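Single-letter residue listing:
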Amino acid sequence: MTAVAQPARQTAPATPASHRKRQRSLSWLALPALLFFVIFAVVPLVGVLALSFTSWDGLGAIHFSGLVSWRAVLSDPGLPHALWVTFLIMVLSWLFQTPMSILLGVFIAGQQRYRGFLSVFFFIPLLLSSAAIAVTYKALLDPNFGLGAGLHTSWLAQDWLGNGKLALGVVVFIVSWQFIPFHSLIYQGAVRQIPRSMYEAAQLDGAGRMRQFFSITLPQLKNTMITSSTLMVVGSLTFFDLIFVLTAGGPADATRSLALDMYRQGFQANLMGQASAIALILVLIGLILALLLRRIGGRDRTGSQLEGA
Amino acid sequence: VSTATLDLSTEPSEPADHRPSQGVQGSLGRRLLHLNWAAGLSSWIWFFIVMIPIYWIVITSLKTQSNYFQSNPLVPPGHPTLDNFRLVFDNDFTGYFVNSVIVAVGSVVPAVLVSFMAAYAVIRDGNRFFLRSVNWLFLMGLAIPLQATIIPLYLLIIKLKLYDTLLALILPSIAFAIPLSVLVLANFIRDVPKELFESMRVDGANEWALLWRLAFPLTRPALVTITIYNLLTVWNNFLLPLVLTTSPGKRTLPLALWTFQGQFGVNVPAVLASVLLTVLPILALYILGRRQLLSGLSAGFTK
């Protein structure tokens, strides 16, 4: 690894003498990162497309099979179901997380001591792996050995993960439990950047506090909402480990999202071609949603990022 | 944490407001406190929602199995026991822990170094077509859920004869960490005043020296932030070890947790002891670098 961390200097392209006034090219500095990214991200991404036109069982030879995998995936009634589950988790967790994160973000943007104390604890879920969270909640929600059984509260001792509708709700709740800290952190940063003069001006105009929140704070958070929503939405496409450990897609496929479907088709049913087709659908949905959200944002931030570079 | 991300960075903020001073924030904070009692109320509710499961993990891991079934689950044990932790250690916890450390350090250190060099090039020489394209590629990487590439990655790792090795986890982890690291580091390198570069160049320093002796120390807070963030991500990764390794000797902690759960079954205290043990190192890191991580992340995303 160390060999890679130190880029060989001879990779620097020779600078033409005519460019003496310009600085020497620094492109070689980006080569190690580019190399890693191309081999282990770009090549596999192209590979997803290629493999979706093949049949492969994960062990033997790979055969080109045209549209066979695609036909199988698109005609499988499991696909619309997985899309629906993914959509539900995405929308419900967005609806729960966004207002909560804004409230918490605004709150912890203040500087009082006890807020700092609270925020130390708020961020703990951010540290836990999805596997650890899933293992914990699976034990906590167990109708016979969990918290509800021990407290003899019948409401809490329901079979949360055994009932399809409840299980989906549990997934949405745990996702929110895990990621609200992260998003409130983003909102906190944004709230602290709102110029104080705006509030002063509003106060001079006699605007009340609620009014200030809705006509200054919220509009100023618009771009942050786009960032945060993009992270939530694209991230929710890939909730795999949480659902895998918590319910393994069950009960009866009630929590079988696209990412889980991909894993099961590929590594349990050994249908790598079909799994790749599902993976490509995931990638496309992610890209389309990210672009749509950027549209809503009204500005091409990628462009401005490059401009600023 | 799957933060397949797209930084559509935010606020058109005044430069003066980037790192707000205590005084400025004091009055703003006070105003917001009165402004929004709803936020205060939800914060306290959320505090309990977050802390009850965590508290439950800690006290339960100190109970014996029989005590667990008899006692109120929210009351700490009268006679705490460390037997559950001993049981976890007797089940090769140390080996999994060492694997996790090797993978985390082995991927995050190179990832941050190569990302830093790339971010430096993009900022200092970004008008070049090549570097613009590289930057664009990384930004696209943020919009794509990279986990979706797991099947071709599996094929690639087999072809490279790396299947069931720790290197199979390290190499893709480096690649996955690069887009966000470059973006965050570039945002911070951009803030280094150009005059500093010029004056050091006049003194005869070459770019290599500028990179390590000027930009590196000046962006240290961002480097610490992104290092901790990447450590968290790699430490908690589940899908890569699940797919790319198979033998217990190559298992990392999140995967080990999953197998512990099957192994310990209804021995809830032992399961929770294993959860607690996997979290402790990262908790220690959090305690040491909390300010850095939180302020860095919030600045990195809202810049």
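The shown structure was predicted, so the numbers you read here are calculated from the model rather than taken from an experiment. (Residues numbered from 1 in each chain as written. Chains lettered and ligands numbered in written order. Predicted model: local features only at pLDDT ≥ 70, side-chain atom pairs only at ≥ 80, totals over all residues. Heavy atoms only, no water.)

(A) Representation of the overall build of chain B in the model. Along its length, chain B carries 14 helices and zero strands. Taken from the N to the C terminus, the helices and strands of chain B come in the order α-α-α-α-α-α-α-α-α-α-α-α-α-α. Evaluated residue by residue, chain B yields a buried proportion of 60% over its 303 residues. Across chain B, every contact between residues at least 6 apart in sequence was considered, and the portion connecting residues at least 24 apart equals 75%. Just so you have it, chain B exposes about 11900 Å², and 65% of that area is on carbon and sulfur atoms. (Helix = DSSP H or I, 4+ residues; strand = E, 2+ residues; numbered from the N terminus. Buried < 20%, exposed > 50% of the residue type's maximum accessible area, 1.4 Å probe, protein only. Contact = heavy atoms within 4.5 Å. Areas by Shrake-Rupley, 256 points an atom, 1.4 Å probe, with all protein chains shown as cover.)

(B) Representation of the environment of Leu166 of chain A. Its place among the elements puts Leu166 of chain A in helix H9 (residues 164–193). Setting aside residues up to four positions removed in sequence, Leu166 of chain A forms contacts with Gln158, Asp159 and Trp160 of chain A.

(C) Focus on the interface of chain B and chain A. Listed as interface residues are 137 residues of chain B and, on the opposing side, 128 residues of chain A. Linking chain B with chain A are zero salt bridges, by the criterion used here. Counting the contacts that link chain B with chain A gives five residue pairs in polar contact (both at pLDDT 80 or more). Residue classes in the side of chain B that touches chain A are distributed as 93 nonpolar, 30 polar and 14 charged. (Salt bridge = Lys/Arg side-chain N within 4 Å of Asp/Glu carboxyl O. Polar contact = N/O pair within 3.5 Å; in protein donor to acceptor, adjacent residues only side chain to side chain. Nonpolar A, V, L, I, M, F, W, Y, C, P; charged D, E, K, R; others polar.)

(D) Representation of the packing of helix H2 (residues 27–51) of chain A against helix H6 (residues 129–143) of chain B within the structure. Across the interface, H2 of chain A lies against H6 of chain B with an axial gap of 11 Å and an inter-helix angle of 35 degrees. Pair H2 of chain A / H6 of chain B crosses with left-handed handedness. Where H2 of chain A approaches H6 of chain B, its residues Ser27, Ala30, Leu31, Ala33, Leu34, Phe37, Val38 and Val42 of chain A are matched on the opposing element by Phe130, Leu131, Val134, Leu137, Phe138 and Gly141 of chain B. By residue class, the composition of the contact of H2 of chain A with H6 of chain B is twelve nonpolar, two polar and no charged. (Axes fitted to C-alpha atoms, helices over the stretch in contact; angles between N-to-C directions. Left-handed = near helix turned anticlockwise from the far one by under 90°.)

(E) Broad picture of the nonpolar core. Of all hydrophobic cores here, the largest spans 188 residues; its most connected members are Phe240 of chain A together with Tyr120, Ile150 and Ile151 of chain B. Of the residues forming this core, the biggest block, 16 residues, is contributed by helix H8 (residues 167–189) of chain B. What Tyr120 of chain B contacts, discounting residues up to four positions off in sequence, is Leu26 and Leu29 of chain A together with Ile189, Phe197, Glu207, Leu210, Leu211 and Ala215 of chain B. In this structure, Ala109, Tyr187, Val191 and Leu221 of chain A belong to the second largest nonpolar core, which totals eight residues. (Core = buried A, V, L, I, M, F, W, Y, C linked by side-chain atoms within 4.5 Å.)

(F) Representation of the confidence of the model for chain B within the structure. Residues and elements named next belong to chain B. Looking at chain B as a whole, the pLDDT averages 83, with 86% of positions reaching at least 70. Low pLDDT (under 50) marks residues 1–26, which in the prediction has 77 contacts with non-local residues, meaning those over four places away or in another chain. Both scores are available for the predicted complex, with the pTM at 0.83 and the ipTM at 0.82. (pLDDT = per-residue confidence, 0-100.)

(G) How the structure looks around the confidence of the model for chain A. All names here are of chain A. Averaged over chain A, the pLDDT score is 82; the fraction of residues at 70 or greater is 87%. Highest mean pLDDT in chain A belongs to H2 (94); lowest belongs to helix H16 (residues 301–308) (36). In the model, residues 1–21 has pLDDT below 50 throughout and makes 26 contacts with residues more than four positions away in sequence or in other chains. Considering only residues more than four positions removed or in separate chains, one finds that residues 300–309, a stretch of pLDDT under 50, has 23 contacts.

(H) The arrangement of the environment of Leu156 of chain A in detail. Residue and element names in this part refer to chain A. With respect to the helices, strands and loops of the structure, Leu156 is situated in the loop between helix H8 (147–151) and H9. Here the alpha-carbon distance between Leu156 and Leu127, two residues 29 residues apart in the chain, equals 26 Å. Discounting chain neighbours no more than four positions away, the residues touching Leu156 are Leu147, Gly148 and Leu151.

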